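Chain and residue survey
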Amino acid sequence: MVKPFEAEARFFVDKNFKDKLSSMGFKIIKEYSFEDTFFCPKGGWNEGGKTLRVRNWGDQCEVLFTKVKKFKFGDLEFKRSEYPEGKLKLFEGPEERCFQLMRDLEMVECGKVKKEIGYLMSDGTITVALEKINGKWVLEVEVEGEDPKEAAKKMRKIMEKLGLKEPLSDSTYELFVRNTSTNNLS
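Residues numbered from 1 in each chain as written. Predicted model: local features only at pLDDT ≥ 70, side-chain atom pairs only at ≥ 80, totals over all residues. Heavy atoms only, no water.

Details of helix α3 (residues 148–162)
Keep this limit in mind: In this text, helices come from DSSP runs of H or I with a minimum length of four residues, and strands from runs of E with a minimum of two, each type numbered from the N-terminal end. Here a helix's expected span is defined as the number of its residues, less one, multiplied by 1.5 Å. Classification of residues uses two cut-offs on accessible area relative to the type maximum, computed with a 1.4 Å probe and protein chains only: under 20% is buried, over 50% is exposed, and between them is partly exposed. Working definition: the arc comes from the directions between the helix axis and the C-beta atoms, pointing outward to the latter.
Relative to the 21 Å expected for 15 residues at 1.5 Å per residue, α3 spans 21 Å between its end C-alpha atoms, a close match to the ideal helical length. Regarding α3, the residues found buried are Pro148, Ala151, Ala152, Met155, Ile158, Met159 and Leu162. Buried residues of α3 fall within an arc of 130° about the axis and therefore sit on the same side. Exposed residues on α3 whose side chains face more than 90 degrees from its buried face are Lys149, Lys153, Lys157 and Glu160.

Brief notes about the environment of Pro94
With respect to the helices and strands, Pro94 occurs in the loop between β6 (88–93) and α2 (95–104). The exposure class of Pro94 is exposed, given its relative accessible area of 52%.

Considerations on the nonpolar core
As a reminder, the rule being used: What we call a nonpolar core is a set of buried Ala, Val, Leu, Ile, Met, Phe, Trp, Tyr and Cys residues that are connected through their side-chain atoms within 4.5 Å.
Among the nonpolar cores identified, the biggest contains 27 residues, and Val13, Leu21, Val128, Leu139, Val141, Leu162 and Leu164 are the most heavily contacted of them. Listed by contribution, the elements that provide at least two residues to this core are β1 (6–12), α1 (17–23), β5 (76–81), β7 (107–122), β8 (127–133), β9 (136–144) and α3. Of all the elements, α3 adds the most residues to this core, at six residues. Leu52, Val54, Phe65 and Phe99 belong to the second-largest nonpolar core, a separate cluster that totals ten residues.

Here's the deal with the confidence of the model for the chain
Applicable threshold: pLDDT gives the predictor's per-residue confidence on a scale running from 0 to 100. By definition in these notes, contact holds between two residues if any of their heavy atoms fall within 4.5 Å.
This prediction gives the chain a mean pLDDT of 88; 92% of its residues lie at or above 70. Note on residues 181–186: pLDDT is under 50 here. Beyond four places in sequence and across chains, it has 16 contacts.

A closer look at the environment of Cys98
Within the secondary structure layout, Cys98 lies in helix α2. For Cys98 and Leu139, which are 41 residues apart along the polypeptide, the C-alpha to C-alpha distance reads 29 Å. Discounting chain neighbours no more than four positions away, the residues touching Cys98 are Val54, Cys61, Glu62, Val63, Phe91 and Gly93.

Some thoughts on the pattern of salt bridges
Should the charged atoms of two oppositely charged side chains come close, the side chains can pair. Counted only if it meets this: Only one rule defines a salt bridge in this text: a Lys or Arg side-chain nitrogen within 4 Å of an Asp or Glu carboxyl oxygen.
Across all of its chains, the model carries 17 salt bridges by this definition. The partner of Lys112 in a salt bridge is Glu109, with the nearest N and O atoms 3.8 Å apart. Using a relative accessible area of 40% as the deciding quantity, one classes Lys112 as partly exposed. Residue Glu109 is classed as partly exposed on the basis of its relative accessible area, which comes to 41%. The residue Lys161 makes a salt bridge to Asp123 at a minimum N-O spacing of 2.8 Å. Here Asp123 lies in the loop between β7 and β8 and Lys161 lies in helix α3, a separation of 38 residues in the sequence. Where salt bridges share partners, they join Glu8, Arg10 and Glu140 into one cluster.

A look at the packing of aromatic side chains
Let me state the cut-off plainly: Paired rings are identified among Phe, Tyr and Trp, the last through its six-membered ring, by centres lying within 6.5 Å, and are further divided according to the angle between planes into stacked (under 30 degrees), edge-to-face (over 60) and tilted (the rest). Only when the NZ of Lys or the CZ of Arg is both within 6 Å of the ring centre and within 35 degrees of the ring normal is a charge said to sit over the ring.
Here the structure, examined in full by the defined rule, presents seven aromatic pairs. Their ring planes at 70° and their centres at 6.4 Å tell us that Phe65 and Tyr83 sit as a pair that is edge-to-face. On the criterion of sequence distance, the pair formed by Phe65 in strand β4 (residues 61–73) and Tyr83 in the loop between β5 and β6 is long-range, its members being 18 residues apart. Ring-pair connections join several aromatic residues into one group, and the members of that group are Tyr32, Phe34 and Trp57. Looking at Lys18, its charged tip hangs above the ring of Tyr119, at a distance of 4.9 Å from the centre.

Describing the pairing of β5
Worth spelling out the cut-off: By definition, two strands form a pair when at least two bridges between them are found by DSSP.
Along β5, five of the six residues are buried, which leaves the element largely enclosed by surrounding structure. Taken together, the two bridges between β1 and β5 define a ladder with antiparallel strand orientation. When the bridges of β5 are listed, Ala7 appears paired with Arg80. Sheet topology places β4 next to β5; six bridges connect them, and they run antiparallel. Bridging from a neighbouring strand, Lys70 pairs with Lys79 of β5. If you look at the hairpin formed by β4 and β5, you'll find two residues sitting between the two strands, and Gly74 has a positive phi there, around 65°.

So this is what it looks like as structure tokens:
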């Protein structure tokens, strides 16, 4: 079954945010860690919002493609996947085969993001992802995005409940990689 579109925003938070969530009744429902190695065509993407990555879970790897569009509603901007599935899994296999596929497609490595530790947490109503990415704590909030205006309302309610301000619609790629070595690759 295809998932509905999701709209998401990220928030930089301090290292004690997990304790705050726990005190509000949030429980860890999943713990994870992985490393994404991003790839771009030589010269960069012709259109924004696209990412191609090899995700290494430690015991398995996969090649994922994402394309997103950004929406702005008043003071709130968030992104929504152009594909209902979100990230499209193009291949799964050993790490070396994933990297060989990128070389065969003539893609250029353009950066890494390490999610050192991640917690999927829920209070039964709201589910969030709290992640330590490249040494910084980031909270990701996703809401159903089929109706962007309704998604914006839901996002504002969650922000208010969790005491969040300054949402970022940037992806982890945009926050941690894009401004390093990914533009105008040759």
